[in-house]
Amino acid sequence: MDIKEFFKLHKAVAVAFSGGVDSAVLLLLAKQYADRVKAYFVLSPFQPRFELEDARKIADMLNVRFESVSVDVLNDENIVKNPPNRCYYCKRHIFEAIAEKSEKDGFPLIIEGTNASDDISDRPGFRALKELGVLSPLREAGYTKKMIRQIASQNSLPVADKPSYACLATRIPSETKITKELLEKTEKAEDYLRQTGLRNFRVRYLDGSCKLELGKNEKELYKNNKNEIDTFLKNHYENIYLDSKERTDE
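Residues numbered from 1 in each chain as written. Predicted model: local features only at pLDDT ≥ 70, side-chain atom pairs only at ≥ 80, totals over all residues. Heavy atoms only, no water.

K.L.:
Account for the overall build of the chain, naming residues and giving values.
P.N.:
The number of helices and strands found in the chain is eleven helices and seven strands. Relative to its length of 250 residues, the chain is compact, with a C-alpha radius of gyration of 18 Å against a globular reference of 18 Å. Judged by the C-alpha coordinates and their principal axes, the chain covers about 55 × 40 × 30 Å. Out of the 250 residues belonging to the chain, those deemed buried represent 49%. Sequence separation of 24 or more characterises 70% of the internal contacts of the chain that already satisfy a separation of 6 or more. As presented, the chain carries roughly 12,400 Å² of accessible surface, and 45% of it is formed by carbon and sulfur atoms. (Helix = DSSP H or I, 4+ residues; strand = E, 2+ residues; numbered from the N terminus. Rg over C-alpha atoms; globule rule 2.2 N^0.38 Å. Buried < 20%, exposed > 50% of the residue type's maximum accessible area, 1.4 Å probe, protein only. Contact = heavy atoms within 4.5 Å. Areas by Shrake-Rupley, 256 points an atom, 1.4 Å probe, with all protein chains shown as cover.)

K.L.:
Can you lay out the sheet that holds strand β3 (residues 65-70) for me, pointing to particular residues and giving the numbers?
P.N.:
Across the sheet, which stays open at both edges, the four strands sit in the order β3-β2-β1-β4 with parallel pairing between neighbours. Each end of this open sheet is capped by a strand with a single partner; those strands are β3 and β4 (110-111). Examined bridge by bridge, strand β1 (residues 12-16) and strand β2 (residues 36-43) share five bridges and lie parallel to one another. The residue of β2 that forms the bridge with A12 is R36. Along the sheet, helix α5 (residues 86-104) contacts β1, β2, β3 and β4; its crossing angle with β2, the most-contacted strand, is approximately 140 degrees. (Pairing = 2+ DSSP bridges. Axes fitted to C-alpha atoms, helices over the stretch in contact; angles between N-to-C directions.)

K.L.:
So what's going on with the pattern of salt bridges? Residues and values would help.
P.N.:
Under the criterion given, the structure shown has 17 salt bridges. Of the charged contacts, one joins R92 and E96 as a salt bridge, the two residues approaching to 3.0 Å between their closest N and O atoms. A residue pair is termed a helical-turn pair when its members lie 3 or 4 positions apart in one helix, as R92 and E96 do in helix α5 at four residues. Since its relative accessible area comes to 23%, R92 is described here as partly exposed. The exposure class assigned to E96 is partly exposed, which follows from its relative accessible area of 40%. (Salt bridge = Lys/Arg side-chain N within 4 Å of Asp/Glu carboxyl O.)

K.L.:
Any details on the pairing of β1? Residues and values, ideally.
P.N.:
Among the five residues that make up β1, four are buried, leaving the element largely enclosed by the rest of the structure. The sheet contact formed by β1 and β4 spans two bridges and is parallel. By the bridge assignment, A14 is partnered in β4 with I110.

K.L.:
Please provide a residue-by-residue account of helix α11 (residues 226-233), values included.
P.N.:
Along α11, the residues classified as buried are I229, D230 and L233. Looking straight down α11, one finds its buried side chains confined to an arc of 95 degrees; they lie on one side. Turned more than 90 degrees off the buried face of α11, the exposed positions are N227 and T231. Residues of α11 that are buried in the fold lie against α9 (180-195), β6 (209-215), α10 (219-224) and β7 (240-247). (Arc of directions from axis to C-beta.)

So far we have only geometry, and geometry alone does not tell us how the molecule works.
Below you can see the structure in the form of structure tokens.
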């Protein structure tokens, strides 16, 4: 389906807005083609503070109404236990919270930024979206990640080259209980690495230690700052391991 046609059929939409490039372009297109649009950002222990700041900045830039929805995912035992399908329970939890707000605001339809490059076969969270009637216009219209970044760049969105960012819970291995302390430790570690100039990375928790995943252009910068970075991380983790594989830019 053509994206313009989608918004002709769905004229009032609530955008689940993360502050990443996919949802930013979705918000841009909704602003251009829908009659009414509002952005909803989920504020939870799984989301780092910088994502909220990015989301607010883009909503202001596009002159779109914006609301943050607080969700305490750590109150849901199905999520805290961290099973392999944790994302299913989490998506249901947070999108039900968005729906409660958006329906009161007159936006019965929620849309989100899954694109045509995303492999949904191993995403239990996508099943939750289908069950809740959440639509993915970028995917339906065939927008790939490359196309999305091009649109973002052409429209001077500040997240055009922002690396993809998964929630903090993805840093904790399945079956390891998710706690506020582990999430805060992860956020502090990744905030510090970001301050050193690193952009495309992950700090994975491994039974008291951590494993660093770095993009192909990041390893030299890490090497130049290794002593400082390792000293900081050792305040929070027993050992630091460097993954031999390189993260992709997407």
